[in-house]
Amino acid sequence: MDRRLIRLALALALAAAAVSGIAAFSRDFWAPDEPDFADAVREMVARGSWLLPYQNGKPYSEKPILYYWAMASTTPLSGGDVHPGALRLPSIAAGAFLVFGAGLLAGWRGGRRQALLAGAATAVAPLVFWQAQFIQIDALFTALLLAAFGAQMMTELDPRHRPRWVWAFHVLLPLAVLTKGPLAVVLTGLVALVRCVLRRSLTPLLDLKPLRGALVFVALVVPWYWFATRAGGPEYTYDLIVNQNWNRFLHAFDHIQPWWYYLEKIWGDFAPWTLPAIVAPLTLRSSGLLSRRPELGWALTAVLTCFVFLSTSESKQGKYLLVAYPFAAVLLAAAVGEWERREGRGLRLFRRYLLFVAALLLGAAVALRPVALRKAPAFAGLAAYLAVPLGVGAIATFWALARRRREAVPAALALAATLAAVEAAAGPVVFRAIDVAKTGRPFYDRIRPLVGDPGVPLVYWGHPYRSYPILQLRRTTAHVVTQKDLLAWLEANPRGYVLSDSEEREEWTEPELLRLRIVDEQPAGNARILLLRRP
């Protein structure tokens, strides 16, 4: 592969990492998931135990171990403690890899121009940016799954180097499973079966050496599951293996959505590239590029397989479909290249679409401050930090469309640069400004003298258990989820303290609980966090 192409893809990845890194190091841990993961790592490090993550002193069964190890590996950078920015480094690196992979695949046979567009489109897609600066498993899992898909594809398309690609697939797939469970096996397996149907041959499956792959899988995955389930006990084992996989897919207990959910989510998660990316396969098929460039057909297979399969699950979140977007960006870049080559109706329509999006961004730049003054006057002063890059970028897009009338890529790149500038400004400006409103951290600074001592009785009310309080107070708490249990705890600890929030407190009906006095409170999110105690 051309070294210049690799350097270009790497440069795009580094630029994406810089943008997400600015946001990642600009704020504290945000609910709901970030404090839970951060405290799980903190307790692992404090215990010196690397087999299991813990939450509030108990084994934490939210997914397998690899992501926790990746986060724990960053703690030496912050003096052995957990730091918001440092713990986000695995997500930053994973997001950069998605950009690198999209650029590399698009440029393999499409050239540097398509590599640049695919990488840029992936980098600024809202979901990619968000996951690349957030502490969640999905960015790392998606990067490993994308790499496994890439090795699987090259096993089929690059016979000369097939042995090395097969070995890469055999290693990457278990790593993805150790990150988020067996979903990686299901998706790669389904893609292999679809490829077999399309080629009317078992070759795409047999070339992966499934027997040897199974042995490598067992060697890499089973040891941790064996030791972890023995150490965690039956409840941990059930939740890790059954509840987080089988039940979440077929009998969802959260994030329950209708089958058409992803048909709605893709418009925001991959904006503004969704519409042209949907049209792209039609152009690629009519032009014969799907046949002449088999990696495009493979990318389309991966996108459609993941989309259809994940739509059948009861539990749905936009981030589950993250792996589809680098492939979609590759298809988009190839279609744009074809539209430019033909200089026909496709190019005209895409240029008009870019003009429409640029006009929307310019309108948003003009309207941002007036809307902020009405809806969120406390933050209206921040509007200029977003309005300026929006307005300048929109004008730059207009200029590119006017100057390069037979092209669309320059205008698309100007649009991508606009979104990147807005995302870069969002971290140090918007995220930092709303940080206290999201976390309520001053509340924990104030109550630390009262309840920071582990000997002071403190109970957390509510389900699920969220770790931000113990992450800030650096102690464990009791945990109750029924009013009866809370009354019993107060009877045993009459001078103890209760952590709750205003929304959950409104559900109380027991007179004794309603008489608890508020010791301290703080707005956080959509409610107020409360420290309560008997009068």
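Everything numeric in this text was worked out from a predicted model, so none of it was measured. (Residues numbered from 1 in each chain as written. Predicted model: local features only at pLDDT ≥ 70, side-chain atom pairs only at ≥ 80, totals over all residues. Heavy atoms only, no water.)

Asks: Sorry, what's going on with the packing of helix α9 (residues 162-180) against helix α10 (residues 183-199) here?
Replies: A pair of packed helices can be characterised by two numbers: the angle between their axes and the separation between those axes. Interaxial distance between α9 and α10 falls to 7 Å at its minimum, and their mutual angle equals 135°. When the axes of α9 and α10 are compared, the pair comes out oblique. In contact with F169, L173, A176 and V177 of α9, α10 contributes A184, V185 and T188. Taken together, the residues of the contact of α9 with α10 break down into 6 nonpolar, 1 polar and no charged. (Axes fitted to C-alpha atoms, helices over the stretch in contact; angles between N-to-C directions. Helix = DSSP H or I, 4+ residues; strand = E, 2+ residues; numbered from the N terminus. Parallel < 35°, antiparallel > 145°, perpendicular 65-115°, else oblique. Contact = heavy atoms within 4.5 Å. Nonpolar A, V, L, I, M, F, W, Y, C, P; charged D, E, K, R; others polar.)

Asks: Would you explain the pattern of salt bridges in this entry?
Replies: Where charged atoms from two side chains of opposite charge approach closely, those side chains can pair. Following the criterion strictly, the structure yields 26 salt bridges and no others. Ionic pairing is found between D2 and R4, a salt bridge with its closest N-O pair at 3.5 Å. The class for D2 is partly exposed, based on a relative accessible area of 37%. Ionic pairing is found between E338 and R342, a salt bridge with its closest N-O pair at 3.1 Å. Remark: R342 and E338 occur in helix α17 (residues 324-342); sequence separation between them is 4 residues, near one turn of the helix. One connected set of salt bridges, linked through shared partners, spans R113, E340, R404 and E407. (Salt bridge = Lys/Arg side-chain N within 4 Å of Asp/Glu carboxyl O. Buried < 20%, exposed > 50% of the residue type's maximum accessible area, 1.4 Å probe, protein only.)

Asks: Sorry if this is basic, but what is going on with the packing of helix α8 (residues 138-157) against α10 here?
Replies: Between α8 and α10, the shortest axis-to-axis distance is 11 Å and the interhelical angle comes to 25°. Between α8 and α10, the angle falls in the class roughly parallel. In terms of crossing hand, the pair formed by α8 and α10 is right-handed. Between α8, through F141, L145, F149, Q152 and E156, and α10, the contact on the second element is made entirely by L183, A184, L187, T188, V191, A192, R195 and R199. Looking at side-chain class alone, the contact of α8 with α10 contains 8 nonpolar, 2 polar and 3 charged residues. (Left-handed = near helix turned anticlockwise from the far one by under 90°.)

Asks: Would you mind going over the packing of aromatic side chains with me for this structure?
Replies: Working definition: an aromatic ring pair is given by the centre-to-centre distance plus the angle between the planes. Following the criterion strictly, the structure yields 19 aromatic pairs and no others. Aromatic side chains W339 and F350 sit 5.4 Å apart centroid to centroid with 45° between the ring planes, which places their arrangement in the tilted category. Highlighted residues: W339 in helix α17 and F350 in helix α18 (residues 345-375), separated in sequence by 11 residues. For the residue pair W339 and F350, the accessibility class agrees, reading buried in each case. Aromatic rings pair up to connect W30, W130, F134 and F431 into one cluster. In this structure, R47 is placed above the aromatic ring of Y54, and the distance from its NZ or CZ to the ring centre is 3.8 Å. Looking at R109, its charged tip hangs above the ring of W108, at a distance of 4.2 Å from the centre. (Phe/Tyr/Trp six-rings, centres within 6.5 Å; stacked < 30°, edge-to-face > 60°. Lys NZ or Arg CZ within 6 Å of the ring centre and 35° of its normal.)

Asks: Teacher, can you tell me more about the nonpolar core here?
Replies: Nonpolar side chains tend toward joint burial in soluble globular proteins. Core analysis: the biggest nonpolar cluster contains 135 residues, and Y68, F149 and W273 have the highest contact counts within it. Here the element with the most residues in this core is α8; it accounts for 14 residues. Setting aside residues no more than four positions away along its own chain, Y68 makes contact with F37, A40, V41, M44, P53, Y60, E62 and K63. L8, A17, F100 and A123 belong to the second-largest nonpolar core, a separate cluster that totals 15 residues. (Core = buried A, V, L, I, M, F, W, Y, C linked by side-chain atoms within 4.5 Å.)

Asks: What's the story with the sheet that holds strand β6 (residues 517-524) in this structure? I'm lost.
Replies: The strands that make up a sheet are held in pairs by hydrogen bonds between backbone atoms, and each pair lies either parallel or antiparallel. Read from one edge of the open sheet, 5 strands run β4-β3-β5-β7-β6, paired in mixed fashion. Where the open sheet ends on each side, the last strands, each with one partner, are β4 (478-480) and β6. Averaged over all adjacent pairs, the angle separating strand axes in this sheet is 20°, with direction ignored. Where strand β3 (residues 458-461) lies against β4, 3 bridges are found, and the strand directions are parallel. Directly across from W461, in β4, lies its bridge partner V480. Its contacts with the sheet put helix α22 (residues 441-451) on β3, β5 (497-501), β6 and β7 (527-533), and the angle it makes with β6 is roughly 155°. Running at roughly 170° to β3, helix α24 (residues 483-492) makes contact with β3, β4 and β5 of the sheet. (Pairing = 2+ DSSP bridges.)

Asks: Help me out: how do you make sense of a nonpolar patch on the surface in this one?
Replies: A cluster of nonpolar side chains, namely W267, L275, I278, V279 and L282, defines an oily patch on the protein surface of about 460 Å² accessible area. A per-element tally of the nonpolar patch places helix α14 (residues 274-287) first, with 4 residues. Assignment of secondary structure puts L275 in helix α14. Residue L275 is classed as partly exposed on the basis of its relative accessible area of 38%. (Patch = residues over 30% accessible without salt bridge, like charges linked within 9 Å, V, L, I, M, F, W, Y side chains within 5 Å. Areas by Shrake-Rupley, 256 points an atom, 1.4 Å probe, with all protein chains shown as cover.)

Asks: Hey, could you run me through the side chain of T75 in this one?
Replies: Along the chain, T75 turns up in the loop between α3 (66-72) and α4 (84-87). The contacts of T75, once residues within four sequence positions are left out, are V41, V45, G80, D81 and V82.

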